[in-house]
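# A closer look at the structure
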Amino acid sequence: MTVSNALARRTGMPILEAGHVWLAGAGPGDPGLLTLDAFAGLQQADVVVHDALVDQRVLALAGEQAWFEFAGKRGGKPSATQADISQRLVALAHEGRRVLRLKGGDPFVFGRGGEEAMTLAAAGVPFRVIPGVTAGLAALTAASIPATLRGVNRAVIFAAGHGAEENFDWGPIARAGQPIVLYMVMHNLKQIADALMAAGLPPQTPAAIVASAATPRERLLVATLETVAAQARTNNFEPPAIVAIGEIVEFRGRLLGVTPSTRDDTKDKS
Ligand SMILES: C[S@@+](CC[C@H](N)C(=O)[O-])C[C@H]1O[C@@H](n2cnc3c(N)ncnc32)[C@H](O)[C@@H]1O
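First, a word on scope: everything that follows refers to the structure included in this document. Quick caveat: nothing in here was measured; it's all calculated off a predicted structure.

## Observations regarding helix α8 (residues 189–198)
Turning to α8, its buried residues number three or more, namely L189, I192, A193 and L196. In a view along the axis of α8, the buried residues occupy a sector of 100°, so they form one face of it. The elements touched by buried residues of α8 are α7 (171–175), β7 (180–183), β8 (206–211), α9 (228–234) and β10 (241–245).

## Notes on unusual backbone geometry
A cis amide bond links P239 to the next residue, P240, at an omega of 0°. When you line up the elements, P240 lands in the loop between α9 and β10. Despite not being glycine, A214 shows a phi value in the positive range, around 60°. Mapping A214 onto the fold places it in the loop between β8 and β9 (219–224). Judged by relative accessible area, A214 falls into the buried class, the value being 17%. Its identity is not glycine, yet N236 carries a phi of approximately 55°, on the positive side.

## Focus: the environment of V210
With respect to the helices and strands, V210 occurs in strand β8. Beyond its immediate stretch of four places on either side in the chain, V210 contacts A139, A142, A143, E218, R219, L220, P240, A241 and I242.

## What about the pattern of salt bridges?
Across all of its chains, the model carries 11 salt bridges by this definition. The shortest N-O distance in the salt bridge between R98 and D46 comes to 3.6 Å. Note that R98 is positioned in the loop between α4 (82–94) and β4 (99–103) and D46 in the loop between α2 (36–44) and β2 (47–50), a separation of 52 residues in sequence. Owing to a relative accessible area of 11%, R98 belongs among the buried residues under this scheme. Between E69 and R88 there is a salt bridge, with the nearest N and O atoms lying 2.7 Å from each other.

## Considering the site of the ligand
Taken together, 17 residues sit near the ligand, with V109, T134, A135, A213 and A241 positioned nearest. Contact between the ligand and M184: an oxygen atom at 2.9 Å from a main-chain N or O atom of the residue. One nitrogen or oxygen atom from the main chain of A213 is found 2.8 Å from a nitrogen atom belonging to the ligand. For the ligand, the accessible surface in isolation is 570 Å², of which the surrounding protein chains cover 88%.

## Some details on the nonpolar core
L182, M186, L189, L196, I209, V243 and I245 are the most contacted members of the largest nonpolar core, which has 28 residues in total. Those elements that place two or more of their residues in this core are β6 (157–160), α7, β7, α8, β8, β9, α9 and β10. Sort the elements by how many residues they give to this core and α8 lands first, with four residues. With residues up to four places along the chain from it excluded, the contact list for I209 reads M186, L189, R219, L220, L221, V228, A232, F237, A241, I242 and V243. Counting 20 residues, the second-largest nonpolar core is a separate cluster that includes A8, M13, L34 and A45.

## Things to note about the packing of aromatic side chains
Applying the stated criterion across every chain yields a total of three aromatic pairs. By way of ring pairs, the aromatic residues F110, F158 and Y183 are connected into one cluster. The lysine or arginine in question, R128, covers the ring of W22, its NZ or CZ lying 4.8 Å from the ring centre.

What counts as what
Residues numbered from 1 in each chain as written. Predicted model: local features only at pLDDT ≥ 70, side-chain atom pairs only at ≥ 80, totals over all residues. Heavy atoms only, no water. Buried < 20%, exposed > 50% of the residue type's maximum accessible area, 1.4 Å probe, protein only. Helix = DSSP H or I, 4+ residues; strand = E, 2+ residues; numbered from the N terminus. Arc of directions from axis to C-beta. Contact = heavy atoms within 4.5 Å. Salt bridge = Lys/Arg side-chain N within 4 Å of Asp/Glu carboxyl O. Near = heavy atom within 4 Å. Polar contact = N/O pair within 3.5 Å; in protein donor to acceptor, adjacent residues only side chain to side chain. Areas by Shrake-Rupley, 256 points an atom, 1.4 Å probe, with all protein chains shown as cover. Core = buried A, V, L, I, M, F, W, Y, C linked by side-chain atoms within 4.5 Å. Phe/Tyr/Trp six-rings, centres within 6.5 Å; stacked < 30°, edge-to-face > 60°. Lys NZ or Arg CZ within 6 Å of the ring centre and 35° of its normal.

Shown next as structure tokens:
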């Protein structure tokens, strides 16, 4: 038993056993948004296999015994394929390691966690999944935008913006009349905004971008569907970012106690 395992048994933390994998969400950045179970995994893991978007402040919570393996894309360098990463998790478990697979946000929201879990299940590796605060919700909260408001919306649509080049049909999403929270959208923002407007969403629909939510680099831009892509370019908004579209964006002003506005507005918190 490692020192950290002994500590876990004493404190009642869940135990990360040798040969097991925990597939955990690291949240959007701020370590305060980590679950206690993910923290327990960090404390006990022999190896932490993490993506690029996992914040360094979260990784710093790992126990002294832990080593780190990077499994993401960085700086245009060739990255491991999804199959390589999944197989690496299986191999580490078969070596009897305590494995923490740490992914930004929630592992099952646009994170390919489902594929990794299926590979682990097929290989007979014991694993559990620990949810995390997904960037879409963290970004709304960071911008003081409520995800749902009684009488305003009864659904929230989470969508991936990299579907544009695949001829994804944005019509049903535009016509749903519910707020849309877009991930991985910065490269296709103009095409997607155009597609939503072509499908009937009014150009004046409020829109906000929250970049690097819950990190010291957090930035916010409030615009309209018609202007958001140009504003993002002018103000050099970069990924990772969430774009929220819909009436809920207007309520930000009320939460902040100022008059709601659809004017283009940027705020850099760095
Ligand atoms: C591959 S997806 C991973 C999503 C993650 N599994 C989740 O639940 O948040 C990466 C996208 O998540 C969003 N994202 C992740 N971290 C973010 C952050 N701190 N601020 C804003 N957006 C973020 C961006 O849209 C980014 O392109």
